[in-house]
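A structural walkthrough
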Amino acid sequence: MQPMSPAPDRLAGVVGLAPFAALWQRFEDLIASANRISVYFIHSRRWRENHDAAIKAFLARSGTSLEVFLPDLENHELMFSLERHFDDGPQIPGLVTDAYRYFARLGREFGQPIHIWLFSKYPTYSFYTFDDRAIIALYANTAAKKDLPAFEVETDSYLGRFLLKDTEDLRGECRRCAAKDLEAVIQDSIGT
């Protein structure tokens, strides 16, 4: 067995650790300086609300790219599991629906494609990647509400390369969906 490095954070590329809720300004800075953003989360309503102006300013700049991974509303097994695991469980389908509509609206408003991927596997963490940095936020193993730890990592590091490879693999496993087609997914998920 290989011994653990005495300074794993340097090898891992960790440049910061904080409760996710404490990263408001760091997210603002990362969004403002990024050309490429890739996010993977269940709905991240508060993050979207807190950074709406920054996200819109990002999309208004030329040469930017936004990629979003969201739960597949048509995967009822996944949605059932998400509802049971989180304290806002009964609201999860509505919050995911809101995220679908938010990103579809941004695509229309800014006239550029937002790359949407719908995942069907239960998430173990969420991520927010900005060019050469990323924020990785853990999910709790229980439904009890608590501060969630988040790590800022360099993408050219052990954790960063893991995340980039995981993102590449997600593109192979997730269902691609044009932002304009998200409303049809919503309707199909509720059987109308």
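Per chain, residues are indexed from 1 in the order of the written sequence. Selection of residues for local features in this predicted model requires a pLDDT of at least 70, selection of side-chain atom pairs for listing and counting requires 80 or more, and totals for whole chains, interfaces and linings are taken over all residues. With hydrogens and water stripped out, all remaining heavy atoms of the structure feed into the side-chain values.

Our next topic: helix 2 (residues 24-33). Think of it in three bands: with a 1.4 Å probe and only protein chains considered, a residue is buried below 20% of the maximum accessible area for its type, exposed above 50%, and partly exposed in between. Only DSSP runs of H or I with at least four residues qualify as helices, and only runs of E with at least two residues qualify as strands; both kinds are numbered from the N terminus onward. F27, E28, L30 and I31 are the residues of helix 2 that are buried. Contacts: residue pairs with any heavy atoms within 4.5 Å of one another. Of the surrounding secondary structure, the elements contacted by the buried residues of helix 2 are strand 2 (36-40), helix 3 (45-50), helix 4 (52-60), strand 5 (125-130), strand 6 (133-138) and strand 7 (149-154).

Pairing between two strands is assigned when DSSP locates at least 2 bridges connecting them. Spatial ordering of the open sheet is given by 1-7-6-5-2-3-4-8, a layout of eight strands whose pairing is mixed. Two strands in the sheet have a free side with no partner beyond their single neighbour: strand 1 (14-19) and strand 8 (175-177). When the angles between neighbouring strand axes are averaged without regard to direction, this sheet yields 15°. Examined bridge by bridge, strand 4 (residues 115-119) and strand 8 share three bridges and lie antiparallel to one another. Residue pairing for strand 8: W117 is matched across the bridge by R176. All axes are obtained by fitting lines to C-alpha atoms, using only the stretch in contact for helices, and the reported angles, taken between N-to-C directions, cover 0 to 180 degrees. Strands strand 3 (65-71) and strand 4 of the sheet are contacted by helix 6 (residues 92-110), whose axis makes an angle of about 160° with strand 3.

Of all five residues that make up strand 4, four are buried, and the element is covered over most of its length. Bridging between strand 3 and strand 4 involves five bridges; their strand directions are parallel. Following the sheet pairing, F69 is matched in strand 4 by W117.

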